[in-house]
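# Per-entry structural report
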Amino acid sequence: MSESHEDILASFQSITGIDLAEAIYHLEESNWNLLNAIHRVLPQDNIEQEFSTLSASHTNRNAVDEGLNNLDVESNVDEVMTVPSSPVSTFRNIYHSESSTSSNNHHTIGDHSESGSSSGISSSSSSKSPRELSFNIHLKYEIHKIKILDTSTVADLKAKIMSATSIPICRQILTGWIPNEANCTESTILRTLNLDPSNELILKDANDEDFMDEDGLETNTRANEIFTVNITRQPDGDKFSLQFPGRQKFLDVKTDVYTLTTIPVRHQVWTGWPDNITNQMTLAQSGIEPVVNVVLSRATENPSGSQPSSATSRSSDVIEVDNSDENSSDDNDFQDANDDFNEYYTDTSVAARRPIEDLITDETSDEITGSVQFVENYIARYGDPHPDFYRGSLQDALNEACYKPARDRKLLAIYLHHDGSVLIHVFCEVLLKCDSIQQTLLHNFILYGWDLTHESNKNMFLSALSACSNPTAMITVRNIPVNQLPAIVIIGKSRSTCEVLSVIHGNCGKDEMFNKLLETINMYSDQRDIEVREEDERAAREAVKFEQDVAYNESLEADRRKEEAKLQKERALANEKKRLESERQEIEAVREANRLDAERCVPVEPPADAKGITKIRVRKPTGEFILRRFTVDTKLSILFKFIESQGFPMDEYKVISSFPRRDLTTVDAAETLEHYKLCPQETVILELR
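Right, let's walk through the structure included here. (Residues numbered from 1 in each chain as written. Predicted model: local features only at pLDDT ≥ 70, side-chain atom pairs only at ≥ 80, totals over all residues. Heavy atoms only, no water.)

Further remarks concern the overall build of the protein chain. If you tally the helices and strands in the protein chain, you get 23 helices and 18 strands. Across the 689 residues in the protein chain, those meeting the buried criterion constitute 42%. Sequence separation of 24 or more characterises 65% of the internal contacts of the protein chain that already satisfy a separation of 6 or more. Counting every atom, the protein chain has about 36,900 Å² of accessible surface; 49% of that belongs to carbon and sulfur. (Helix = DSSP H or I, 4+ residues; strand = E, 2+ residues; numbered from the N terminus. Buried < 20%, exposed > 50% of the residue type's maximum accessible area, 1.4 Å probe, protein only. Contact = heavy atoms within 4.5 Å. Areas by Shrake-Rupley, 256 points an atom, 1.4 Å probe, with all protein chains shown as cover.)

Right, let's get into the packing of aromatic side chains. Geometry of an aromatic ring pair is reported as the spacing of the ring centres plus the angle between the planes. Considering all chains together, one arrives at 13 aromatic pairs under this definition. Pairing Phe374 with Tyr415 gives two aromatic rings, centres 6.0 Å apart and planes at 55°, and the pair type is tilted. With Phe374 in helix α16 (residues 367–382) and Tyr415 in strand β10 (residues 411–417), this pair connects stretches of sequence that are 41 residues apart. For Tyr415, a relative accessible area of 1% gives the class buried. When the ring of Phe648 is compared with that of Tyr653, the centres are 5.2 Å apart and the planes differ by 85°; the resulting orientation is edge-to-face. (Phe/Tyr/Trp six-rings, centres within 6.5 Å; stacked < 30°, edge-to-face > 60°.)

A turn of α-helix holds 3.6 residues, and therefore any two residues three or four places apart point the same way. In a regular helix each residue adds 1.5 Å, so 16 residues correspond to 22 Å; α16 covers 22 Å between its end C-alpha atoms and thus fits that length. When α16 is considered as a whole, its buried residues turn out to be Glu367, Gly370, Ser371, Phe374, Val375, Asn377, Tyr378, Arg381 and Tyr382. In this structure, the buried residues of α16 make contact with α17 (394–401), β10, α18 (424–431), β11 (445–451) and α20 (455–468). Where α16 terminates, the next one or two residues include Gly383, which has phi positive at roughly 70°. (Expected span 1.5 Å × (residues − 1).)

With respect to the element layout, Lys458 can be found in helix α20. Buried charged residue Lys458 carries no salt bridge. Nearest counter-charge: Glu455, at 4.9 Å. Those residues within four positions of Lys458 in sequence are excluded, and the remaining contacts are Trp450, Leu452 and Arg478. (Lys, Arg positive; Asp, Glu negative; His and termini not counted. Salt bridge = Lys/Arg side-chain N within 4 Å of Asp/Glu carboxyl O.)

Here we come to the packing of helix α1 (residues 5–16) against helix α3 (residues 34–41). Where α1 meets α3, the closest approach of the two axes is 11 Å, and the angle between their N-to-C directions is 30°. Judged on the interaxial angle alone, α3 and α1 are roughly parallel. With respect to the hand of their crossing, α1 and α3 are arranged in right-handed fashion. In contact with Ile8, Ser11, Phe12, Ile15 and Thr16 of α1, α3 contributes Leu34, Ala37, Ile38 and Val41. For the contact of α1 with α3, the class distribution of residues is seven nonpolar, two polar and no charged. (Axes fitted to C-alpha atoms, helices over the stretch in contact; angles between N-to-C directions. Parallel < 35°, antiparallel > 145°, perpendicular 65-115°, else oblique. Left-handed = near helix turned anticlockwise from the far one by under 90°. Nonpolar A, V, L, I, M, F, W, Y, C, P; charged D, E, K, R; others polar.)

This next bit is on the pairing of β10. It is a general feature of regular strands that their side chains alternate between the two faces of the sheet. In terms of burial, β10 is largely enclosed, as seven of its seven residues are buried. Of the two faces of β10, the one carrying Leu411, Ala413, Tyr415 and His417 and the one carrying Leu412, Ile414 and Leu416 are both buried. Two strands pair when backbone bridges link them, and β10 and β11 are joined in this way by seven bridges, in the parallel orientation. Each residue of the ladder has a partner; that of Ala413, found in β11, is Leu447. The pairing of β10 with strand β12 (residues 487–494) spans five bridges and is antiparallel. From the neighbouring strand, Leu416 faces β12, where its bridge partner is Ala487. (Pairing = 2+ DSSP bridges.)

Right, let's get into the sheet that holds strand β2 (residues 142–149). Strand order in the open sheet made by the four strands is β2-β1-β4-β3, with mixed pairing throughout. Of all strands in the sheet, those with a lone pairing partner are β2 and β3 (172–175), marking the two edges. Across the sheet, the axes of successive neighbouring strands diverge by a mean angle of 30°, strand direction being ignored. Along the sheet, helix α8 (residues 154–165) contacts β1 (132–139), β2, β3 and β4 (198–205); its crossing angle with β2, the most-contacted strand, is approximately 145°.

The next subject is the nonpolar core. By size, the foremost hydrophobic cluster in this structure holds 57 residues, and its most contacted members are Leu412, Ile414, Tyr415, Phe461 and Met513. Among the nonpolar cores identified, the runner-up in size contains 21 residues, and Phe640, Phe642, Ile643 and Tyr653 belong to it. (Core = buried A, V, L, I, M, F, W, Y, C linked by side-chain atoms within 4.5 Å.)

Taken in spatial order, the five strands make up an open sheet running β15-β14-β18-β16-β17, and their pairing is mixed. Strands at the two margins of the open sheet, each flanked by one partner only, are β15 (625–631) and β17 (662–663). Where strand β16 (residues 653–657) meets strand β18 (residues 681–688), five bridges bridge the pair, whose relative direction is antiparallel. Opposite Ile656, over in β18, you have Ile685 as the bridge partner. On top of the sheet, helix α23 (residues 636–645) reaches β14 (613–619), β15, β16 and β18; it is set at about 145° to β15, its chief contact.

In the contact formed by helix α19 (residues 435–444) and helix α22 (residues 510–601), the axes pass within 10 Å of each other and the chain directions differ by 20°. Relative to α22, the element α19 lies roughly parallel. In this structure, α19 meets α22 at a crossing whose hand is left-handed. Packed against α19, whose contacting residues are Ser436, Ile437, Thr440, Leu441 and Asn444, the element α22 presents Lys510, Met513, Phe514, Leu517 and Ile521 at the interface. Of the residues assigned to the contact of α19 with α22, the class counts are six nonpolar, three polar and one charged.

Here it is in structure tokens:
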């Protein structure tokens, strides 16, 4: 029974795990034949023939079931009862499910397993119980953990890896099965590989540019070897020998040779390399011997000094650089270097310039010294006019550019130099000498320069960049290949962090570079204007807050002064009260002393039945009376002493007699009471003076 396109599409996606657009593409290319489409995506030779047989005999359900049974037994020799989880096993289940709708006599996979058992196939299966294997799949900078039973096949493992990494099975390249890697196939049962419970596998995508071929293991070993290249330069016959690691690319070799011979990479013609090499191929991948002899000449001349013929230029052992890899992005860099590049290299006097010395020597130990060396050697090498480079550490340059108020902030432009690049001289002699570019850099950027030619200087710069900026900037610089240097990395401060805004590579022209600078400036200006406005608003808020704080502080100060004045007044009153109390106590003490003296002067009161006595009644200011007997011959001063002993000093009170009324304190106190007729009894009145 036929299926609709939707059902076929759903089955195809469930088997292969690829996205909708790619699935439709493969199905349309296969005329919606599910089996053929699966073969396009999952080309497994040991299974393809089996499915072809099954497809050819699709009308014979018994033959299909027998083929599926044989396939199940063949792919699971060591363990019959397994759970099919690979794309192939999934397709087998779908095929059986499809068959069940039209035949009631088909057998399930479990039935075939039992049938296989009855035929003696299961007798060879292992009696060991399944155990779980753990795999750490290393994919570039990621690690994916996969757990699977050892009764599963390699295809089952790859299916799980596809679910975790989205890399189709047909593009998965796994290494790390040593020592069983050579005999490992899709149908290999994991138990037969004698793997440890925990395993480390390296996964590569066959579509990646850095994917190693089938000889990858050998190539990896050769990548660590040192290759010696003996070069004979024609027509002068100069000879020199260079050593490179196996991982070095041919383009890098040619670039290094350019620094020694002044022959640009695109003009180099080599004789002696193997056939079909490309710029991106490494020495290890090319298959050359550890020691190789080659001949180098310019593209416009052959070893004899005459123009090479077309036949010679096409010979298999002569490779012209600009045609070595037609699709290489590096060659496109050279071809797209525009009129400035071509015009520059037509001037042989300029092209023949050689650096007198490194812009930053390999022995440089600190960043500031390297920066000063760069500026001085750059000016000495390229002369005037030259850009205005910042001298100092990268952190100081970043502070000068980015860590200022938004209104005064600039961009940091980091010029990265490398003497091994073919673009270096045209960039410095043409682009950086352009007046409009220099003025743009001067007014909008802090320009910092560094030479990455030596690995030690590169590491020093990357460490400094990582310390003063976010890791993205360091990764960006580290990933710029030599053939794209020189480069200008532009960093700007956005909010609280500094980030890379753009990278200008060396294969651009004056107009392109100028436009890129302007685009970056405009983009950054928009962001900076927002921050300026926010800073102004924040400054206004802070000004209002400052005024409020000042008014509040003044109010607090006024309250403090009032409180201080109040406290001072209270202290003054307290002091005055204390003083008055002290004076009062002193007066009381004096009065008490006078009273006691007066009391001592008063004679003893005579008895009531004594002769010649008089009774004196003293009325106090309160109306109370004091009664005292005296002899008639007692002097008036003794009466005053008695009154003082009662607490009424004569300097404060006066004594008034009734009849006649007179102030006794004004008369002679030496006279007796009888003299003043204060007998036999008399009342005197005390009044305040």
